[in-house]
Each structure stands twice: as C-alpha cells, then as structure tokens.
Amino acid sequence: MKLEYTEQQNAFREEVRAWLKANVPAEPLKSFDTEEGFQQHREWEAKLYEGRWGMITWPEEMGGRGADLLQWLIFEEEYYAAGAPLRVNQNGIFLLGPTLMEYGTEQQKKRFLNGMATGKDIWCQGWSEPNAGSDMAAIRSRADLSEDGSHYIINGQKTWSTRAVWADWCFGMFRTDPESERHHGLTFILVPLDSEGITVRPIPQLDGLPGFAEIFFDNVKVPVDCRLGGEGDGWSVAMATAGFERGLMLRSPARFQETARRLVELYKANQQSADEDSNIRDEVMRAYMDAEAYCLTTYQTACRLMQGGKIGAEASTNKIFWSELDQRMHATGLKILATRGELEPESPDAGEVGKWLDGWLFSQSGSIYAGTNEIQRNIIAERLLGMPRK
Amino acid sequence: MKLEYTEQQNAFREEVRAWLKANVPAEPLKSFDTEEGFQQHREWEAKLYEGRWGMITWPEEMGGRGADLLQWLIFEEEYYAAGAPLRVNQNGIFLLGPTLMEYGTEQQKKRFLNGMATGKDIWCQGWSEPNAGSDMAAIRSRADLSEDGSHYIINGQKTWSTRAVWADWCFGMFRTDPESERHHGLTFILVPLDSEGITVRPIPQLDGLPGFAEIFFDNVKVPVDCRLGGEGDGWSVAMATAGFERGLMLRSPARFQETARRLVELYKANQQSADEDSNIRDEVMRAYMDAEAYCLTTYQTACRLMQGGKIGAEASTNKIFWSELDQRMHATGLKILATRGELEPESPDAGEVGKWLDGWLFSQSGSIYAGTNEIQRNIIAERLLGMPRK
Amino acid sequence: MDFTFSEDQLLFQESVRDFLVNEVTPEKIRELWQTESGRSDALWAQLAELGLTGMTVPEQYGGLGMNELDFVLLAQEAGYVALSEPLVNSVLVAAPLLIEAGNTQLADEWLAKMASGEARVIVGLEINKLVEDAHCADLLLLEKAGAVYAVNPAEASLRENKSVDPGRKLFAVEFEASTAVLLADGEQAQKLITRALNRGALGVAAQALGLAQRMIDLSVQYTSERKQFGVAIGSFQAVKHHMANIAFRLEYAKTPVYRAAYALANDLKTSSENVSHAKLVACEVADLAAKNSIQVHGAMGYTWEVDLHIFMKRAWAFNSNYGTAGFHKQRVATAIFNDGAQLGAGKTF
Amino acid sequence: MDFTFSEDQLLFQESVRDFLVNEVTPEKIRELWQTESGRSDALWAQLAELGLTGMTVPEQYGGLGMNELDFVLLAQEAGYVALSEPLVNSVLVAAPLLIEAGNTQLADEWLAKMASGEARVIVGLEINKLVEDAHCADLLLLEKAGAVYAVNPAEASLRENKSVDPGRKLFAVEFEASTAVLLADGEQAQKLITRALNRGALGVAAQALGLAQRMIDLSVQYTSERKQFGVAIGSFQAVKHHMANIAFRLEYAKTPVYRAAYALANDLKTSSENVSHAKLVACEVADLAAKNSIQVHGAMGYTWEVDLHIFMKRAWAFNSNYGTAGFHKQRVATAIFNDGAQLGAGKTF
C-alpha cells in the first residue's frame, strides 16, 4: 500500500489542470436538457476531443491517451474541481465505445468511434421498456430479420431514454427470436434516430425539462451491419456495457467530493442559523466522510482492477452508497438554505443557491435508474452474501 | 375535543397517587427473572389486590373497580411515576383474565380468576413453538381427547414462554384435530405446570437470567374442563386475547414517558460531554416528542373505543412505534453514559446507570416478540393500506 | 377528557373532502399552472359558498365564528388535494390577525368581504422571507422591522420568485411604512406575530398530513397496478415496508397536530411548543412520504407527467415554511430543557 | 499510488484467520467465561508462537518489527472471533508506547518478553476510565493526570467492574505515583497519549469490521436454515435488506480503517482525523450489524444460547471504547471546519 501519487501521476494532474484552466468556459453552459444547451455541450465535447481529453482511457490511435483507471480518477478530480461541463455524450464514449471496441467489427469501429469521440454523434440508450424497468429480461420490442437477411425491422417501444430528444443514435436490445424468453433471443442493435418510422416523445422530468424520452419503433428498417455481436448475443454484450468499470466512469468520486466541499462551505457561511438544527452539523460532517470513503473505496477497487482483480458485487454496493449519499447531501443543503431552498435558480431572491435545488432534483433519480436500490440490495443479499433466492 | 381531566378523573388520580405513595416498596424489588425477585413480585401483586389496585378494569365483583380505559391510563401514569414494580402476573390479569370473562364457564371463572387476581397463580403463555415463532398457525403441539372424553393428552413443545420458569399455570393453543391445517382445529387449553409429564427448560436471555423457557409436554393429562371455549375454537379465543385493548394494558404510554423524562435528566446532567455528539440533543428531544405522541395517540384511541369505536391496524402501528422508540431512547441513554454504558448495574463504578443497560437489553425484545416488526409492517401494508398480498 | 372530534366536525370534513377531491383534481391543478395568476376566482367563490373562507370570521360579519380546532381537519383535506388558493392562510392566519389587531375600522371593512369571498387578505411574516400569493391580495398584512402594517397592494411593489412547486407563487414585497396603516408595534406586535406564526405553522402541519396521505394513496394505487417480474410491485416486501413506514409515522403525527389546534383554540400556555412539535413531525412524515413514494414509483415518479410530483414538491416547499426544523426544534428544546419543565407520565394534559 | 495490501499481508491474514476460527470458537469462548481470569495462557502462547505478540516489537528484541498497516487485517480477524486476549492492544498500543517512551531500561526488560509471549503489558488511558485486562498484566503503562507511568501490578489496586460483554474484564486501577516509574509528562506525555489513543481506536475500528462480518455470516447462516411460513426466512426481502444494509456500509468502512492504519504507519499529519473517521464508521457498522442481526434472528437472537450475543455485546462495548462518537466527531469537525481545510476532489491523498 502506498497512498501517494507517483511523479508521473502528479505531472499528469498538472497537465490536466492547465488545459482545463485554459479551456473551461467561463460562463456555465445551459442545461443539456435544453436544445441550446445540448448544442453547447456538443461543442464542448469537440473541444475536449481536440485536446485529446475527450476519452482518455481510449487507445491513442482512437484519439484517447490509453490512460489507466488511476489517471482517469485524477482526470475526473481535476475536471470536477474546475467546474467543467457535464458530459453529454457519456453514453457513447463510456458505455458504447468500450463495448464497440470489444464486440464491434473493424468496419463498425471505423464507422462509429470517431463520430462518438468528436461529439458529432450523440448516443442514447434503449434499454427500458414500459413494462421492463428494472427487469431488462422482460424486453418485448422486436427486431425481425428481413427475408433477404439485409436488415432488421424493428417494432416496439423503448422508454426512459436519457437525452434521446436531441440524440443522433440509439443503442439497445431487441428480441430477435419471438419464441424466446427472458434473456435469451435478444440482440444488440444500433439505430439511427432519423430512421423512418421512429417517433421520439419527450418525457418532461421533475424540473419540467425533457431529460428523457420514449422512442417508438414502427417498422423501422436497420441494416444488419448495425448489429453489435451475434444475433441472440445481446444479453452478454449488454452486460459488458453495464459493468462496473463503466459505472466508475460515470460516477467518479470527484463529483461527490465536490458536492461535499460545497456543502461544508454552505454550512460555514450559514452556521448560525444552521446550528439551530443540531443535526445539520452532523450531516455535513458525515457527507464529507462518506464522500471521502467513496473516494477511498474507488481507489482501492481501481488499484485492484489494475492488478488484474475482478469485480464482484461492488457495482451494487457502490450504486447504493453514492446515490443515497448524493440525496442526503442535497437534502442537507436545502435545509441550510431554509426558505431559499425552494426557489428556482432564476428567481431574483434565490442568490447562488439554484445548484442545490437542481442537484436535489437530479439526485432523486440516482436511487432509481440502472436498477433501483431495492434491486441492488437484493443482488447484494443473494450474490454477495449468498442468501436464498426464494 | 376536550383535553382536560374531569374532576372525577383528577380525584381518581389523587387516590391512586396516595395509595402508591404509602405502599410502593422503598427498595426496588429484585428482577422477577430471579427466584427471589419472582416471589417478591408475587407478594406485591397480593398487596395490590388487597388495595383493589391489582386489575382496576375488572368488574368490582371480581376484585376490580370497573375502571374505564382513561382511568386505566391515569392509573398507569401514577404507577410509573411512582416507580412501582413491574407486573409479574400481567399475562394472567390483562390477557387471560378478560378472555376468561368472555369465553369461560361460570365454573372456570370461579376457579381461576381469584387466584389470578391475588397473585397466587402466576400464568405464562404457551403460544410459540420451535418452528412457529411469528407464525402461530404453524402450531404442531397436539392435545388428543381421551377415549372417555374426560381429559386431553398433550404432547409437544412450546417455547419463548415468558416467566414460565416459576409460573404456576400455562395457557395456550394445541392442535386437537390432527388432520387440520393452519388456524383450524386448534383448541385453547389451560395447563397446570406441575402436571406429570411437563418439563420446563429455562432459556437464559441476553442478560443471562432465565426470563423465558421451553415447555415440553410428554403425555400430559389435562381435564377437559380446562378447555377455554369450544374444541377447535382456539384461534378465535386467542385472537381476542391478542387484541389491542390488551396491548394497551401492557404498553401504556406512561412507561415510555418516564423513560423519556429520565433521558432528559440524564442529558442535562451530562450535557457538556453529550453535546460533543450534536445528534444526542436531537435524539433526546425526539424521544420526548415521540413519547408524547404515543401518549396522545393512545388517549385518542382510548376515547374512540369508549365511544364505541373499533380497533383497526392500530395494534400494528402501535407496536412498531413504541418498540422502536424504546430502543432508540435506550441507545441514546447508553451513548450519553459513554464508557459507563457497558457496565452491569452491580459494578462498583457504574453509578446509577444500570437501569439504562437493563432497559437497553430488555428493549431488544420489543421489536421481536408478539409478531416481529417486519410482520407488523406487512400487516399495515396489507390490511391498513390494502396492498396486494402476493 | 375527550380526544375525539365531534360528529359535526367529522361530517364537515367529509363534505369538504368530497368537494375538494372532485373540484381540485390534478388535471385542474395543471391547468391553473398554465395561467398567469395560478389562482381561480371561481374556485375561491365556491370555497366561500361552502362557508370556508369565513370559518374564523365572527358571525356578526357573516362568518362561522369557528376556531383552529374546527378548521384543522379541513386544512388536512386542503393538503390532500394540494390546494393552492390561499384558504388555509386566510382562515388560520389572516382573519384571526385582523381580529386580534384590534383596528375596528379595518375589521369592519374587510372581515365581511373575507367571509363572502369578495376579498383575499394575505399575511406576510418575515420568517417566510417571501410573501405567498401577494399578487392576488386585496389587502396585505405585513410584518416589517418588528411592527405589523396593513398595506394597500397598490402601494406595494412585488418581485416574483419561482418555487420548485409550480402551485406556489412567492413574492418579495416592498412598501413604505408611510403609505400603510400601522397595526401594532413593540410588544403587541410581537404577540400578534407569534400567534400568526403559530397558526401558520399549524396550517402547514395539517396540510402536510394530507399530503402524506395523498402520496400513500397514489403510491399504493400505482404499485398495485404496475407489474414487474410478473407480479404487482406492491407485493414486494420492500415496497410494502416503504409504505408502512410512512403510514405508522403518520398516525403519530396526526395527534400532535390535533393537540396543537386544540392548544391554539384554547389559548393554552403550551401553544408554541405544541405547534412546533406538530410542525416538525408532520413535515417529517410528508418528507418521508415524498422520499418513499418516488422510490416505489420508480422512473415514473421522476416525471412531470405522473401526479406524484404535485404533492411531493409541496411537501418539500413546506419543510421551511413558517419556520425551519431548526426554528421549531429550538422552541421545543426551550420547553423541555428548562429547569422547571414538567415532564413524564401524567404531565401531558 | 497503490491502495492494496501486499501478497504477504494477505497470506498472513489468511493463516491467522484459519488459526483463530479453529482455536477461538464460541464454545471455547463460553468456557473461558467460566474461568476466574477469563484469559488463556495456552492461547497467548500460541499467539506468540505465530509471531503475533511481537508484531510491532523491533527485530532486535525478537519481534517482527512491523507496523500498524501490517497488523490491521489481523486485528480485523481478532474481531471476527471476538478474541478476548489483549493481543490487539498489546501489538498496537503497548509495544509502540513502550518503544516511544524512550526508557531503554524498560524497553530492554520488557519488549523481548512481549515478543516471546512471556509477559503481557497492559496500557490504561484515561479516556477509557477503566483498564481492560489489568488483572493479567505483568506491567501496566498508565496515564494519570497528564503523565504516563510504568506501574508494577503488585503496587496497584484493582477494583473489578462487570461489562455487559462477559469477554471484557474491566478494572478501576489506583496507584501511587511514587511507587511507579514516570515515563513522560507535559507535552511529551500528551504526544504519547494521543498516539496511543489513535492506535487503540484503530484497533477497535479494525475489530469492529470483523465483528460486523461475523454477525453477517451468523445471520445469513441462521436465516438460510430457519424456516417460517414454509420458507427460509432469509428469502424474505425485508431480511435480505437488513443484511444488505450492513454489507454495503461495511465496504465503505473498511477503506477508512485501512487508510487510518496507513496514516499511522507513515506518521501522516492527518492521522488523528483519519483514525476518528475510521473509528466512527466502523463502530457504526458493527452497531448496525448487531441491530439487524438480532432482528433477523428473532427471539433466538435474544437468548444467551445462540452465539450472536458474543459478538453483539462486543460491538456495543466498543462504541465508547477509545473515545465516544462525540469525541471522534469533534476531531473530524476540527479538521474539516477549520478555515485552511483542504477539501474536495483531488485532496484526499
């Protein structure tokens, strides 16, 4: 055990910091759940790509830096500390990208990876269906191979597709064997969202913005070369996409550590009123400790993985821990803000507090998406602890 | 609504208070989980009976005062405030007694009620069995009617029978129809514990004392006139015994309000060190408010019942609320006591703190017995809220 | 000793519930969100017709001359439908304040109009920073620097703020004392303000009870219908326990609220601590109801389309309304930690 | 940057775990409870043979010359079996204190005996009020009024106190300073005491992790076997979630403990805050493990007969051992609320 960065790691951090300092927009971008904000974020992705900071864990020949997990964590620390924009194309570069590199044909890699990296193509996910929220094996949308074998004809409906409103492509699972059940007979397919027969219906989320959408497929024709992996192999391809290393890309400790830091500041700035409720001080302290613990455990896992270790039920313990921490921190923030806590950011008397309300609303989804925390608890009990399934 | 006592109620309170002041033993009795303590408590019951304070809700002709539920609550308030001894025969006077009055023959009432009231006969319960803890319908102990119909022959095993080690009688349910399942074919029978074929095996509890026991029945003969209600009617007789009004007799708000009061005192006496953990102050305040709320809701229910109202799922909401409150209050008490919290009362450096440790250990059982709090939550969800059973 | 509501009180509650559930539907609420004022004169007139706007207005002015205890169950029902009309504040805060201020000219001018529904009188206390519904006020009663003023809305400038709850309209209000009528200052103002604050907090607490109940009802319905893994999700024990955890706490939040209403109606010395206890636990249970309800709704709960958020956001906004948890905890602490405090068994009533 | 233990450290942990699980069984623990001293010379000799009692004793005295980081996983295993021999304190507190005190005569006299298992050296800090295992001490190192003394047990008077945990032996210890050797006073004593306290708290934290794991294991086993309503109770979602709630928190308590061990081993400036964080969360997870484990055990968990209580009571006793939650919260607060605090992303290492 050596809890110190190497010289190279420190140098890498300096490099990241310098670039971000020179390039992070002075004005915060608009929310990428608005059309204008979406375009702003797409441009930011292009800028990151130019600097080769878009997906540092990708191989150099694909525009990345072949960075390891620790470098990734360092990058993220600097990224969040610099207040850089959220990543509008994370579905592509962190989830689909690595999956493509593993399962894609050479032609597919050539075709898709660059557009993904530059922000030209923004991807959304097509996992959930109206009756298959946390239960992906219940997928019913069908993709039928045409008689000449040249394309699939897709019919059905996907939902909770984040950022689908302005995205260019969708990747997801479809049932290619109509007789199949559960996780058999599913195929992983990439679908251009401008295909004929596709309707995207925005779903307004808690803040009123269309952060996700339903996607309806009505005899949508997709060429077979848009299939990722073999027909019927969808489940195993998808599971690779859902793995922990990818999760780590999306929910790096830096995010929560920065929230904890802001919470400490908020508390100190309002200490007199906050201390009227003696729990608040404790909650703030705990937020700091928990964010720190999340960082420690992530580093431990990253180190273990780099040494060839495998991931167990960490994906579930991790999901519960960060999502509930995120909710608690924002709840505490709103408590400290008292009557200002309910104000929308643009309100004249809100002051610099809008972040907390936005963050609070956003945090509500953390315990729900990608398998509710109840499902994660089942997984921990059954897989990590070996308790009886039924 | 009128939240004021009547003159009669105030006068009644004064009467209770005066009698207790004159009669409550100056020295606390030993634990009734010890043989000596058990006898001391039995004597105290006799004294209460002499003053007609043993079971004030019983009719006057049976040694009671025909008191209503509000008088009962007032009595309990004075009883706990006076620090009077715990009731060793509560199984008899609060649970079996009223059931006997409802279902017993005249002869049975004559035979059993007086001994119960005077403390001569201490009763224990025979509900649980090794594989039927919270699931009473899984009872397997058998009572077979003899060929001449004069007596039952009981075989089987009961467990978790509180105070069975020194008790005189046991009441419980036995399967009289061997073909029956679940809650059918059960019969309510009263069994003298000195019968031939009975073995009582004490079970030491967390504090090491034999607070409960297993009872083994090996061809135990019990005359048929010890049957309460009809053969096969055990379930409905037992359900009457388990009702809320009875629960109220056992867990009156006064008990928790006195704990909350002592907790406030303990906090004030140790405020400087307690305030190092800013949660403690909040926990103390919450204990006070929750004990108060428990009192308010109990009064409300009592008034509703006195006006002819019926009990719904209150038995379950009530059980969860008091048992978890009791645990929280004692946990806070131990936190305030810091290193003294782990000391047994007789320890020379424990000071006046043993009560908290004893109370903490005792509180552990509250969320378990008489249907675990998980079962109570199921009941609330299914019966009060109407959620689907499966 | 009688801790029950009268037959009449319960019947009134029932008829108001029927009215509100039919008239203030989620669809209507969403329609009102689209309007400039967010308030409905038609609905206000209906509430007046039911006698509600005049509940606490003396009979001589055409009101019902009732008190906090008579109204508390109705406030609960207002919460159940997330009513946005300023009814609860009008009945519990504005009318009593106008009466207690002792300015007969103002009282004569406004009380009858309040009862008839002709006028909305809006109170603004500094504890809330912003004034809810100031835009639809016919008369403003405002706290400023330790005094209480009656302000003609025409003389006040309003700056609108947006709440996370689209049903709440909040305004920073400024006025010159010289253009207003001074109702009270010094000690008398303090008394008036404390009483108004207590009544406002009681109103929030009672509405929070209704909100919690509504979120339970919506969640139970949703989870009974919605299937996953082949069964209704409401049959999962984790979902059941999320709901049961709200339900049992709700039972123990109701009685403190009723006791607080009783204390205010009878002007008991314990009013402030009773109100604070009520406000704390009622808002906590509504907050828990929001938390557990969105969780059992899954992604649906995170949308604007499902009705849950109407009630959830109201519950969030109520947390700091008429005093933060910290404010109310301090008041409870003052009551129980002082040396003469009467605590323990037999000391409740 | 490497947040993993070495192959050697993990192998040592494994062999110690095998030894302890076989030798310190619940049956043996119950036997020891019946003895006067509650301690086993034979077991102590075995621990010495494994090199454990000399882990932190310099090699020149026959020890292994290792540090807190080398020992932390072993302390975790000691917790897993609820070891009552004073091993953790001997390795983490007594030997380092004796070395750091700088009295070469005492060091020469005792360190070799500690390594060989010939002697037990026991430390008593005022934060714990009572001294654990003072009755089996060959030498006592005691804090008194801001100074540290080496005390011959024959010169001390012991008054036994009974803990809720029958495996803990606690004594009020009195001695005359004149009969003892003064090891340090003033600032130097403060330093020694703080370091000893940090090491003691680390030892408790590491053992708490092991206790939590043991309670999970016992509960999973029990609920997988025990049937109710016709199925294993471990298949009920409520039971599963009780266990999952311990398990996920345990993962996030381990790394703070390891970081604290690293900080002490490398004498980092953050040692105190790191130890306090570790102690807080490790004791909390053990406390939660006790709470949820007794609940899923049902009435069985409330008995003396089922092994659960051995571990549950140790967890309860640990809560205030080497500093209450309040004490450690104050230390964390000092670290994070001061104006120069370095917080946020990238500031952890």
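Residues numbered from 1 in each chain as written. Chains lettered and ligands numbered in written order. Predicted model: local features only at pLDDT ≥ 70, side-chain atom pairs only at ≥ 80, totals over all residues. Heavy atoms only, no water.

Where an unreviewed UniProt entry is consulted, chain C appears under the name Acyl-CoA/acyl-ACP dehydrogenase, with the organism given as Spongiibacter pelagi. According to its UniProt record, chain C has this under Cofactor (unreviewed entry): "FAD". (UniProt positions renumbered as here; feature names shortened; annotations may be inferred.)

By the naming in an unreviewed UniProt entry, chain A goes by Acyl-CoA dehydrogenase and is assigned to Spongiibacter pelagi. Looking at the Sequence similarities (unreviewed entry) heading of the UniProt record, one finds this comment for chain A: "Belongs to the acyl-CoA dehydrogenase family." The Cofactor (unreviewed entry) field of the UniProt record for chain A holds the comment "FAD".

**With respect to the interface of chain B and chain C**
Counting from both sides, the interface comprises 53 residues of chain B and, opposite them, 46 residues of chain C. For the chain B and chain C pair, buried surface summed over both sides reaches about 5,000 Å², with 67% attributable to carbon and sulfur atoms. Looking only at chain B, the three residues that lose the most surface to chain C are B:Met1, B:Leu3 and B:Leu296, adding up to 17% of its buried area. Between the two partners, chain B and chain C, sit 5 salt bridges. The salt bridge partner of B:Lys268 is C:Asp339, with a shortest N-O separation of 2.9 Å. (Contact = heavy atoms within 4.5 Å. Buried area = accessible area lost by both parts, 1.4 Å probe. Salt bridge = Lys/Arg side-chain N within 4 Å of Asp/Glu carboxyl O.)

**Considerations on the packing of helix α5 (residues 87-101) of chain D against helix α6 (residues 104-116) of chain D**
All names here are of chain D. One way to put it is that α5 packs onto α6 with a least axis distance of 9 Å and a crossing angle of 155°. Classified by the angle between their axes, α5 and α6 sit roughly antiparallel to one another. Once α5 is placed against α6, the crossing between them reads as left-handed. Within the contact between the two elements, α5 uses Ser90, Ala94, Ala95, Leu98 and Ile99 and α6 uses Leu106, Ala107, Trp110, Leu111 and Met114. Across the contact of α5 with α6, the residue classes tally to 9 nonpolar, 1 polar and no charged. (Axes fitted to C-alpha atoms, helices over the stretch in contact; angles between N-to-C directions. Helix = DSSP H or I, 4+ residues; strand = E, 2+ residues; numbered from the N terminus. Parallel < 35°, antiparallel > 145°, perpendicular 65-115°, else oblique. Left-handed = near helix turned anticlockwise from the far one by under 90°. Nonpolar A, V, L, I, M, F, W, Y, C, P; charged D, E, K, R; others polar.)

**Let's talk about the nonpolar core**
Within the largest apolar cluster, 460 residues are counted, with the highest numbers of intra-cluster contacts made by A:Ile154, B:Ile154, C:Val72, C:Val257, D:Val72 and D:Val257. Excluding its chain neighbours within four sequence positions, the residues that come into contact with A:Ile154 are A:Arg142, A:Ala143, A:Phe174, A:Ile189, A:Val191, A:Phe217, A:Asp218, A:Asn219, A:Val220 and A:Val222. (Core = buried A, V, L, I, M, F, W, Y, C linked by side-chain atoms within 4.5 Å. Buried < 20%, exposed > 50% of the residue type's maximum accessible area, 1.4 Å probe, protein only.)

**Concerning the state of the cysteines**
Residue and element names in this part refer to chain B. Applying the stated criterion to the full structure yields 0 disulfides over all chains. Lacking any disulfide linkage, cysteine 226 is separated from the closest cysteine sulfur, that of cysteine 170, by 11 Å. Looking at cysteine 226, the relative accessible area reads 0%, which means it is buried. (Disulfide = S-S within 2.5 Å.)

**Describing the pattern of salt bridges**
Going through the model one piece at a time under the given rule, you end up with 94 salt bridges over all chains. Ionic pairing is found between B:Glu342 and D:Arg168, a salt bridge with its closest N-O pair at 2.8 Å. You can see B:Glu342 sitting in the loop between α11 (314-337) and α12 (354-363) and its partner D:Arg168 sitting in the loop between β5 (157-162) and β6 (169-174), one on each of two chains. Taking relative accessible area as the criterion, B:Glu342 reaches 10% and is therefore assigned buried. The residue C:Asp267 makes a salt bridge to C:Arg195 at a minimum N-O spacing of 3.1 Å. On the criterion of sequence distance, the pair formed by C:Asp267 in the loop between α8 (237-265) and α9 (271-297) and C:Arg195 in helix α7 (residues 186-225) is long-range, its members being 72 residues apart. One connected set of salt bridges, linked through shared partners, spans A:Asp277, B:Asp282, B:Arg286, C:Glu284 and C:Lys329.

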